[in-house]
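Fold and contact review
Residue strings, one per chain:
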Amino acid sequence: MASSPPPPPKLPIPGRRNILITSALPYVNNVPHLGNIIGCVLSADVFARYCRLRGYNAIYICGTDEYGTATETKAMEEKCTPKEICDKYHAIHSEVYKWFNIKFDKFGRTSSPEQTEVCHAIFHKLMENNWLTENTMQQLYCDTCQRFLADRLVEGTCPNKVCNAAARGDQCETCSTLLNPTELIDPKCKVCKNTPRVRDTDHLFLELPLLKDKLVNYINATSVAGMWSQNAIQATNAWLKEGLKPRCITRDLKWGVPVPHDKYKDKVFYVWFDAPIGYVSITASYTPDWEKWWKDPDNVELFQFMGKDNVPFHTIMFPSTLLGTGEKWTMMKTISVTEYLNYEAGKFSKSKGIGVFGNDAKDTNVPPEVWRYYLLMNRPEASDTLFTWADLQAKLNSELLNNLGNFINRVLSFVAKPAGYGSIVPDAPNAESHPLTKAYAEKASKWVEQYLDAMEKVKLKQGLKCAMAISSDGNAYLQESQFWKLYKEDSAACAIVMKTSLGLVYLLACLLEPFMPSLSEEVLRQLNLSPEENLSFSEEKGEITKAKSPWDFVPAGHKIGKPVPLFKELKDEEVALHREKYAGSQAERSLKAAADAEASKVANKLKGTKLSGVLCQAVFKFQQVIG
């Protein structure tokens, strides 16, 4: 059976709210960890889903950032070409995000013809408008490799006297000092281990000081109108306060967008110049009419999501680049920035392989909606937050299983009982005259108002808390109504309580869809309602007003589906296993896995063989050492 063709690309619609959403392009040289996922793609996905739920015309654009030194370095490590590295890790990223239910309109790549085309067009405009200057820099050159060495290709000793640890040319991992390669003591080329020499090299610079007035006007107006997160404002102001300096936009590399200039034809653009342009080029690979999204600021709102380390490139560098072209670009309206999600006793680290990575999450057998819920409840919006296995267990068992899952399952199971309503939704006339029901409906309506307010302000964690509060109130409503007694003593009142509760279950399915889409789909399946036809929370369709009377959501006479539990308890022994399995670094885990496999191999070979007591003891000791 032939698969159905993809839907046509969405374009801005006059008179509608048109929202363009991007998240920081994940770097392609590694597997994303949970901190990366919550910091960009997951947060943006939640907001994009919310926009679709509300009936806004929204698209979500992302993709892998593929050029630069890190890719070249990784290619050397894995003994392949940069393109092969990009192909490999782009596929891994795509698979991880698919498992996490991230719904992009386009997940592209920066190593595309569109990227080169858009970068060149922007570069030519900057040249025409005289915002680019030439300057000479001193850089380390390896005579053996016959190349200028990028920061990461130089290794030596940290110049910090209280440190003196081994360090890379860009930063000392031990004391966190930011470095220039020429500052290292006894620098060596990472590839051939020979000593490089200092040599002059010419580069192109974006004149940020000359663009400052245009940039500051944009920041002052937009940071207020777009309700920028406080950490974004602080990071931006810190850069402005320090004083803007000309920014080098070229590099002596091979893997990147080539510079379209005779003098610099052997150079490529610096990855932080071309990476944000990737948002535009990936949109161009989504639709040839990309300018309708990116060059119509009067009709399109741009929302961007990222971790705090990416802020200056999106509030200083990228806006300056666009302003310098003199064209009418859709500039960022709102930026949502996260702090760091830390892991157990330390920090997540891609370079050191510390923490839980996207593919690890899948291997735990903890469902994606649970991971999404946990990460979003722990979203580091104002300060760093901490991932711990014990906290994941507590949130799953207490908030999801005992609160949300319990409420939904109690309601659906009672309605489905042959001794109850036989799966048929009862009629409930005059529900608004039932005092208890009216009180809880008013509470639910207020939570919905707060949910909408939080989500419009991109306060995602607060939005999730508001939705979960409806579930908590739902459990209290069931307990206070004592519906199991009402069924025998006051059937009319019981029908009101159950029809209202079914409405709250539907309401939860809607409000939680941005956060836990697979859960929402399952709840609607158990309600026997089609997500395509029913899942909406649009003002135009009157669903927001309907929240004031939840008994109206599911019609009387409708037959619900078969209820099944939505969550499974996470037990202590499973938590202990996960904590042990994901301790240390990925390299240490690989060594342990290899040692375990070798031990197993030895044990299997020795099975059935009669061994002397001494040999048995030796094998036992070997297994103890490696285990």
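Our subject is the structure that appears above.
Below is a summary of the structure that appears in this document. (Residues numbered from 1 in each chain as written. Predicted model: local features only at pLDDT ≥ 70, side-chain atom pairs only at ≥ 80, totals over all residues. Heavy atoms only, no water.)

Another aspect to go through is the pattern of salt bridges. Under the counting rule described, the total for this entry stands at 34 salt bridges. Of the charged contacts in the structure, one is a salt bridge between D186 and K188, with a shortest N-O distance of 3.5 Å. Judged by relative accessible area, which is 29%, K188 ranks as partly exposed. The partner of K245 in a salt bridge is E242, and the shortest N-O contact between them spans 4.0 Å. Its relative accessible area of 65% is what places E242 among the exposed residues. Residues joined by salt bridges that share partners form a network here, namely R17, R54, E301, K333 and E456. (Salt bridge = Lys/Arg side-chain N within 4 Å of Asp/Glu carboxyl O. Buried < 20%, exposed > 50% of the residue type's maximum accessible area, 1.4 Å probe, protein only.)

So, on to the pairing of strand β6 (residues 154-157). When β6 meets strand β8 (residues 185-189), the two strands line up antiparallel, connected through three bridges. Across the sheet, the residue bridging to E155 is K188, located in β8. Bridging between β6 and strand β7 (residues 166-168) involves three bridges; their strand directions are antiparallel. The residue bridging G156 from the neighbouring strand is A167, located in β7. (Pairing = 2+ DSSP bridges. Helix = DSSP H or I, 4+ residues; strand = E, 2+ residues; numbered from the N terminus.)

Next up on the list: the nonpolar core. Core analysis: the largest hydrophobic core is formed by 167 residues, its most contacted members being I21, F100, W371, L404, Y451 and F537. It is helix α18 (residues 491-512) that contributes the most residues to this core, 15 residues altogether. The contact partners of W371, leaving out residues within four places of it in the chain, are L34, W99, F100, V356, A361, T364, V366, F387, W389 and L392. Judged by nonpolar contacts, the second largest core, of eleven residues, contains V154, C158, A167 and C172. (Core = buried A, V, L, I, M, F, W, Y, C linked by side-chain atoms within 4.5 Å. Contact = heavy atoms within 4.5 Å.)

Our next topic: the packing of aromatic side chains. A full pass over the atoms with the stated rule returns 31 aromatic pairs. Summarising the aromatic geometry, the rings of W371 and W389 are spaced 5.9 Å apart at their centres and angled 80° between planes, so their arrangement reads as edge-to-face. Residue W371 is found in helix α13 (residues 368-377), and its partner W389 is found in helix α14 (residues 389-416); the two are separated by 18 residues along the sequence. Of the two residues, W371 and W389, both sit in the buried class. Joined through ring pairs, the aromatic side chains of F47, Y50, Y56, F303, F305 and Y451 make up one cluster. Over the ring of W329 we find K295, and its NZ or CZ is 4.7 Å from the ring centre. (Phe/Tyr/Trp six-rings, centres within 6.5 Å; stacked < 30°, edge-to-face > 60°. Lys NZ or Arg CZ within 6 Å of the ring centre and 35° of its normal.)

As a further point, take the sheet that holds strand β16 (residues 346-347). On the basis of which strands lie adjacent, the open sheet formed by three strands has the order β16-β15-β17 and mixed pairing. Edge strands, defined here as strands with exactly one partner in the open sheet, are β16 and β17 (385-387). Sheet analysis places strand β15 (residues 341-343) next to β16, joined by two bridges and oriented antiparallel. Across the sheet, N342 pairs through a bridge with K347, a residue of β16.

Attention now moves to the side chain of N403. Structurally, N403 is set in helix α14. Setting aside its immediate chain neighbours within four residues, N403 contacts S398, M468, S471, S472 and N475.

Another point: the sheet that holds strand β4 (residues 132-142). Strand-to-strand pairing in sheets goes through backbone hydrogen bonds, with the strands running parallel or antiparallel. On the basis of which strands lie adjacent, the open sheet formed by four strands has the order β5-β4-β9-β10 and antiparallel pairing. Each edge of the sheet is formed by a strand with only one pairing partner; in this case those strands are β5 (147-148) and β10 (247-248). Bridge count between β4 and strand β9 (residues 197-206): ten bridges; the pairing is antiparallel. Bridging across to β9, L140 finds its partner in V198.

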